[in-house]
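Below, each chain spelled out in residue letters.
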Amino acid sequence: MKRVALHNLGCKVNAYETEAMQQLLEEAGYEIVPFEDQADIYIVNTCTVTNVADRKSRQMLHRARRQNPHALVAAVGCYAQAAGEKLAGDEGVDLVIGNNKKKELVSILKAWEEGRKTETLLDLKQEKEYEELFITRTAGHTRAYVKVQDGCSQFCSYCIIPYTRGRVRSRRREDVCREVGRLAENGYQEVILTGIHLSSYGADLEGENLLSLIRAVHEIPGIRRIRLGSLEPGIVTEEFAKALSGMEKICPHFHLSLQSGCNETLKRMNRRYTAEEYEEKCGILREAFANPALTTDVIAGFPGETREEFEETLAFLKRIAFFETHIFKYSRRQGTRAAAMENQVPEEVKAERSRILLELDRKNTAGYVLAQMGRQVEILIEETLELDGKVYQTGHTREYIRAAVLSGRDLTNQIVSARVEKLMGERLFLCKLL
């Protein structure tokens, strides 16, 4: 029996695909082992969203080669798609498998072992079919990510993803529901619908959109919570928010991609909204849901960002007061328009702006978390945590705040009602069971 070690780099979509590939390999009779172990085959699901991600992908591939010089080392995914020719000439890599070929992983491995050549890279500019991968379980035991869409047609000036993932391709509603139904049968109570550009779901399918998919998933027995991956502001309308608020399984936790709170910067980024429009969308969600957890992404030091533009973003973030903001220093990505822009911001300036934004994020998070004190919350219990000599059972509220309870019985994978009593650390609630 061949021993296979997999390693995932990158986003939740990559993590989902890695889980799906592992299950394909297990079904084909391969033994899955930790990446640190000696294996016959090493598979790295790579990422290329930044130059740092490229470097990490190469490092993991070369690490696999050092662990067993005689093993088959395969680069899979986005970096493999973007740097196929470069990796083909790398002595540390045997196989380069691009996106939309992961479902053929087993047959590709067998062809390689038999000395047969097979196509492993597709021209995704021409690809219109969604690559159907399927999972029945995940590394977690209570919630599961479900990929429903691939590709992106937005072409933000800083992003390489449309070139490595191709255009929008949506998964058929019946396939999504079949997978979610199987997960529910296996005990999962929470699913997170995710994709490369989730808001575009259904753009390539007749009569489908993200809301129609959410409604279908909402009807599946056994599923008690539905979360949504990153959304574009444009999808948030009063009709959309009202429809979501009418579905009891929808968690009031929304990630709206921002990147900048300055209109001039947004224009250079080729983002398709203004700061004013974005703020309006936040207001719509806060009108439809009682105190929803709003999270976002912001890039610090985008090319041409002046001190005044940065101050606009800072003021915007203070005004919106997100529960959580993911801060990224701009990373120059070859092959994108932003990489060729003038007035690249010095690294030390990016670092300082990132530090300021991170400090604001801590304050905003603390403000949101403290506002929950005394409230009744629902917690999906996931695991145990030993703290100060006591064993707590922990999980997340519907707003995705981590919470802990004391109980003499195992509550794993149960949704319990509790009241927030105090804060342990920066963002862990201690709650009393009701």
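Residues numbered from 1 in each chain as written. Predicted model: local features only at pLDDT ≥ 70, side-chain atom pairs only at ≥ 80, totals over all residues. Heavy atoms only, no water.

1. Side note on the nonpolar core
Grouped together as the largest cluster of nonpolar side chains are 66 residues, with contacts concentrated most on Tyr-158, Leu-193, Leu-228, Leu-231, Leu-244 and Phe-254. The element best represented in this core is helix 8 (residues 210–218), accounting for six residues. Not counting the four nearest positions on each side in its chain, Leu-231 is found in contact with Leu-198, Ser-199, Leu-210, Phe-240, Phe-254, His-255, Leu-256 and Ser-257. If you look at the next biggest cluster of nonpolar residues, it comprises 21 residues, including Val-33, Ala-53, Leu-61 and Ala-71. (Core = buried A, V, L, I, M, F, W, Y, C linked by side-chain atoms within 4.5 Å. Buried < 20%, exposed > 50% of the residue type's maximum accessible area, 1.4 Å probe, protein only. Helix = DSSP H or I, 4+ residues; strand = E, 2+ residues; numbered from the N terminus. Contact = heavy atoms within 4.5 Å.)

2. Some details on the packing of helix 12 (residues 307–320) against helix 13 (residues 347–370)
Direction vectors running N to C along helix 12 and helix 13 enclose 10 degrees, while the axes themselves pass 10 Å from each other. As the angle between them shows, helix 12 and helix 13 are arranged roughly parallel. Here helix 12 contributes Arg-307, Phe-310, Leu-314, Leu-317 and Lys-318 to the contact with helix 13, which in turn contributes Arg-353, Ile-356, Leu-357, Leu-360 and Asn-364. Residue classes in the contact of helix 12 with helix 13 are distributed as six nonpolar, one polar and three charged. (Axes fitted to C-alpha atoms, helices over the stretch in contact; angles between N-to-C directions. Parallel < 35°, antiparallel > 145°, perpendicular 65-115°, else oblique. Nonpolar A, V, L, I, M, F, W, Y, C, P; charged D, E, K, R; others polar.)

3. Quick look at the sheet that holds strand 12 (residues 324–329)
Here three strands make up an open sheet; going across it, the order is 10-11-12 and the pairing parallel. One side of each edge strand has no neighbouring strand; the edge strands of this open sheet are strand 10 (253–255) and strand 12. Pairs of neighbouring strands in the sheet enclose a mean axial angle of 15 degrees, with direction left out of account. Looking at chain direction, strand 10 and strand 11 (residues 293–300) are connected through three bridges and run parallel. Bridge pairing in strand 11 places Phe-254 opposite Leu-294. Sitting on the sheet, helix 13 is in contact with strand 11 and strand 12, with an inclination near 170 degrees to strand 12. (Pairing = 2+ DSSP bridges.)

4. Remarks on the pattern of salt bridges
Tallied over the entire structure, the rule returns 33 salt bridges. Between Arg-137 and Glu-26 there is a salt bridge, with its nearest N and O atoms 2.2 Å apart. Remark: Glu-26 occurs in helix 1 (residues 12–27) and Arg-137 occurs in the loop between helix 5 (105–113) and strand 6 (143–150); sequence separation between them is 111 residues. Salt-bridge contacts for Arg-402 lead to Glu-383; the nearest nitrogen and oxygen are separated by 3.7 Å. Remark: Glu-383 occurs in strand 13 (residues 376–387) and Arg-402 occurs in strand 15 (residues 402–405); sequence separation between them is 19 residues. You can call Arg-402 partly exposed: its relative accessible area is 29%. Here the residues in one salt-bridge network are Glu-17, Lys-102, Lys-147, Asp-150, Arg-165 and Arg-169, joined through shared partners. (Salt bridge = Lys/Arg side-chain N within 4 Å of Asp/Glu carboxyl O.)

5. Overview of the packing of aromatic side chains
To describe a pair of aromatic rings, you give the distance between the ring centres and the angle between the ring planes. Enumeration over the complete set of coordinates arrives at nine aromatic pairs. Ring centres of Phe-35 and Tyr-42 lie 5.4 Å apart, and the angle between their planes is 75 degrees; this geometry places the pair in the edge-to-face category. Among the residues examined, Tyr-42 registers a relative accessible area of 0% and is labelled buried. Every member of this aromatic cluster is reached through a ring pair, and the members are Tyr-273, Tyr-278, Phe-316 and Phe-322. (Phe/Tyr/Trp six-rings, centres within 6.5 Å; stacked < 30°, edge-to-face > 60°.)

6. Description of the sheet that holds strand 14 (residues 390–397)
Ordered by their spatial adjacency, five strands build a closed barrel running 13-14-15-17-16, and the pairing between neighbours is mixed. Along the sheet, successive strands turn relative to each other by an average axial angle of 45 degrees, direction set aside. Here strand 15 pairs with strand 17 (residues 428–433) via four bridges, running parallel. Considered in strand 17, the bridge of Ala-403 is made with Phe-429.

7. A closer look at helix 9 (residues 238–245)
Turning to helix 9, its buried residues number three or more, namely Phe-240, Ala-241, Ala-243 and Leu-244. All buried residues of helix 9 fall inside an arc of 160 degrees around its axis, so they share one side. The exposed residues of helix 9 that point more than 90 degrees off its buried face are Glu-238, Glu-239 and Lys-242. The inward-facing, buried residues of helix 9 abut helix 8, strand 9 (225–228), strand 10 and helix 11 (275–288). (Arc of directions from axis to C-beta.)

8. Quick word on the side chain of Gln-259
For Gln-259, the location among the structural elements is in the loop between strand 10 and helix 10 (263–269). Here the side chain of Gln-259 touches Ser-257 through a polar contact of 3.0 Å, side chain to side chain. Setting aside anything within four residues of it in sequence, one finds Gln-259 in contact with Tyr-158, Met-269, Arg-271, Tyr-273, Asp-297, Val-298 and Ile-299. (Polar contact = N/O pair within 3.5 Å; in protein donor to acceptor, adjacent residues only side chain to side chain.)

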